[in-house]
Amino acid sequence: VLKKMDYAEEALNGNKLAAGRIIKMVEDNEATGFETIKHLYPYTGNAFVIGITGPPGAGKSTLIDCLIAAFRKNQKKVAVLAIDPSSPITGGALLGDRIRMKRHYLDPGVFIRSIATRGALGGVSWSTKGALIVLDAMKYDVIFIETAGVGQLGADISLLVQMTLVLCIPGMGDALQALKAGTLEIADLFIVNKADRPDTDEVVNHLENMINLREGGWHGHPPRIIKTTAVENKGIDDVVSEIDRYRYYIKDNDHSMESMFEREYRFFRFLIKELAADKIWRHLEGLKEFKMSIDKLKKRQEDPYSIAHKIINELIKMP
Ligand SMILES: Nc1nc2c(ncn2[C@@H]2O[C@H](COP(=O)(O)OP(=O)(O)OP(=O)(O)O)[C@@H](O)[C@H]2O)c(=O)[nH]1
Ligand SMILES: [Mg+2]
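Here is a short report on the structure shown in this document. (Residues numbered from 1 in each chain as written. Chains lettered and ligands numbered in written order. Predicted model: local features only at pLDDT ≥ 70, side-chain atom pairs only at ≥ 80, totals over all residues. Heavy atoms only, no water.)

1. Here's the deal with the side chain of T36
The topology assignment puts T36 in helix α3 (residues 31–40). Judged by its relative accessible area of 2%, T36 falls in the buried class. Apart from the residues within four sequence positions on either side, T36 is in contact with Y7, A8, I22 and M25. (Helix = DSSP H or I, 4+ residues; strand = E, 2+ residues; numbered from the N terminus. Buried < 20%, exposed > 50% of the residue type's maximum accessible area, 1.4 Å probe, protein only. Contact = heavy atoms within 4.5 Å.)

2. Quick notes on a nonpolar patch on the surface
Together, F261, Y265, F268 and I272 line one region of the surface with nonpolar side chains, adding up to about 440 Å² of accessible area. Relative to the helices and strands, F261 is located in helix α12 (residues 254–285). By relative accessible area, F261 is classed as exposed at 56%. (Patch = residues over 30% accessible without salt bridge, like charges linked within 9 Å, V, L, I, M, F, W, Y side chains within 5 Å. Areas by Shrake-Rupley, 256 points an atom, 1.4 Å probe, with all protein chains shown as cover. Salt bridge = Lys/Arg side-chain N within 4 Å of Asp/Glu carboxyl O.)

3. A short note on the pattern of salt bridges
Counted by the stated rule, this structure contains 13 salt bridges. The partner of E264 in a salt bridge is K129, and the shortest N-O contact between them spans 3.4 Å. Placement of E264 in helix α12 and of K129 in helix α6 (residues 123–137) is noted, with a sequence separation of 135 residues between them. Residue E264 is classed as partly exposed on the basis of its relative accessible area, which comes to 36%. Connected through salt bridges with shared partners, the residues R224, E242 and R245 form a single ionic network.

4. Quick word on the site of ligand 1
Taken together, 18 residues surround ligand 1, and among them K60, S61, T62, R100 and D196 come closest. Contact between ligand 1 and G57: an oxygen atom at 3.0 Å from a main-chain N or O atom of the residue. At a separation of 2.9 Å, an oxygen atom of ligand 1 approaches a polar backbone atom of S61. Protein contacts shield 78% of the accessible area of ligand 1, which totals 650 Å² for the unbound molecule. Going through the elements one at a time, α4 (60–73), α5 (93–100) and β4 (142–148) are the ones with two or more residues in the shell around ligand 1. Of the residues assigned to the shell around ligand 1, the class counts are six nonpolar, six polar and six charged. (Near = heavy atom within 4 Å. Polar contact = N/O pair within 3.5 Å; in protein donor to acceptor, adjacent residues only side chain to side chain. Nonpolar A, V, L, I, M, F, W, Y, C, P; charged D, E, K, R; others polar.)

5. Here we look at helix α10 (residues 200–213)
Side chains of residues three or four places apart in an α-helix project in the same direction, reflecting 3.6 residues per turn. Over its 14 residues, α10 runs 20 Å from end to end, which matches the ideal 20 Å to within 8%, given 1.5 Å per residue. By the burial criterion, the buried members of α10 are T200, V203, V204, L207, M210 and I211. The buried residues of α10 occupy an angular sector of 125° when the element is viewed end-on, so they sit on one face. Seen from the open side of α10, the exposed residues pointing more than 90 degrees away from its buried face are E202, N212 and L213. (Expected span 1.5 Å × (residues − 1). Arc of directions from axis to C-beta.)

6. Section: the packing of aromatic side chains
All chains considered together, the criterion is met by seven aromatic pairs. Ring geometry for F34 versus W126: centroids 6.1 Å apart, planes at 80°, classification edge-to-face. Taken together, the residues F34 in helix α3 and W126 in helix α6 connect sequence positions 92 residues apart. By relative accessible area, which is 34% here, F34 ends up partly exposed. Owing to a relative accessible area of 16%, W126 belongs among the buried residues under this scheme. With a centroid separation of 6.2 Å and an interplanar angle of 55°, the aromatic rings of F111 and Y140 are classed as tilted. Of this pair, F111 sits in strand β3 (residues 110–116) while Y140 sits in the loop between α6 and β4, and the two are 29 residues apart along the sequence. (Phe/Tyr/Trp six-rings, centres within 6.5 Å; stacked < 30°, edge-to-face > 60°.)

If you want it as C-alpha cells, here you go:
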C-alpha cells in the first residue's frame with residue numbers, strides 16, 4: 001500500500017498503479033490529487049498528445065492497438081486514455097477497448113486507462129488534463145485520447161491535444177454530413193478505416209471536397225487523408241509517418257505555437273469558470289435571499305432572466 005505523499009515519486013519511477021491512483025484522485029476532486037499534480041508538473045512538456053475521434057465502432061481502438069505496436073517498435077512509451085461515455089448505449093465500449101488492446105497491458109512501456117465522463121461533457125477535460133500531466137511526467141512519449149462519437153466530446157478534448165485524428169468509415173452517409181459541424185475544424189488528419197470495404201473511395205472523395213471547400217481555413221496545412229484497414233494492420237506506417245511529420249511541422253511553426261497556447265488558455269478559462277461557478281453556488285446556497293429568489297421562480301412571480309440577473313448583481317459582491 002502506498003503512503004499518500006509517495007504517489008508522485010512512485011509515478012516518476014514508472015509505477016502505473018500509483019499513476020492510476022493519482023488520476024482517480026483528480027477525477028474525485030481530492031486535494032491530494034492536485035497536490036501531486038503540482039509536484040509532477042515540472043517534469044512535463046515532452047509528451048505528444050493525440051486525440052482520436054470518430055463514430056462508435058469506426059475502429060478507433062483497433063487502430064490505436066496497431067499504433068501502440070508501431071510506436072513500441074521504435075522504443076517509444078505509449079499511453080491511451082479512453083473516454084468512457086457513461087451513456088447506457090455506448091457503456092459497453094469500455095470492455096471492448098480492454099479486449100482490443102489487451103496484448104499491450106503487461107508491457108511496462110504501455111499505459112491504458114479509461115476516464116469517466118460523469119455528468120456535464122465539459123467535465124471530461126477537467127480530469128483528462130490531470131491524467132495527461134501525470135503521464136507526461138512519467139515520460140510517455142505519445143498519449144492517445146480516444147473519444148467515441150463526433151461532435152461536442154471530441155471538440156472538448158481538442159483543447160488538450162496537439163493533433164486530432166478523425167476516423168471515418170465507408171458508408172457513413174449522413175454522419176459524414178454531420179462532420180461539417182465541429183469536427184472538420186479540429187481535424188489535423190483524416191483516416192478512412194475499414195478500407196477493405198467497398199465505397200472507401202467515395203468517402204475519400206467526399207472528404208477531399210469538404211477540405212477543398214474550406215480552403216484558406218487551414219493556414220497552409222490542410223489535413224491529409226489516409227486509408228487504413230486496422231484489422232489487417234494496413235496503412236499504419238503511413239499514419240505513423242504523418243504523425244511524426246505533423247509533430248515536426250508544428251514544432252517550428254509560429255502559428256501552431258500560438259494556437260497551442262490559445263487552446264491552453266481556453267482550457268484555463270474553462271477551469272476558472274468551473275471553480276467560480278462552484279464557489280458562487282456554495283455561497284448562494286447559504287443565503288436566505290437566494291432561497292427567496294428560488295421561491296419566486298417556483299411561484300412564477302418573475303421570469304428566470306430577471307431573477308438570475310438580480311442574484312448576480314445584488315447577491316454576489318466582488319471584494
Ligand atoms: N472490416 C473491418 N473491420 C474493422 C476494421 N477495424 C476495426 N474493425 C472492426 O470494427 C469493430 C469496432 O472496432 P473498435 O476498434 O472497437 O471501434 P471503436 O471505434 O473503438 O468503437 P467504440 O469505442 O465502441 O466507439 C470491431 O469488430 C473491429 O474488429 C477494419 O479495418 N476493417
Ligand atoms: Mg473503442
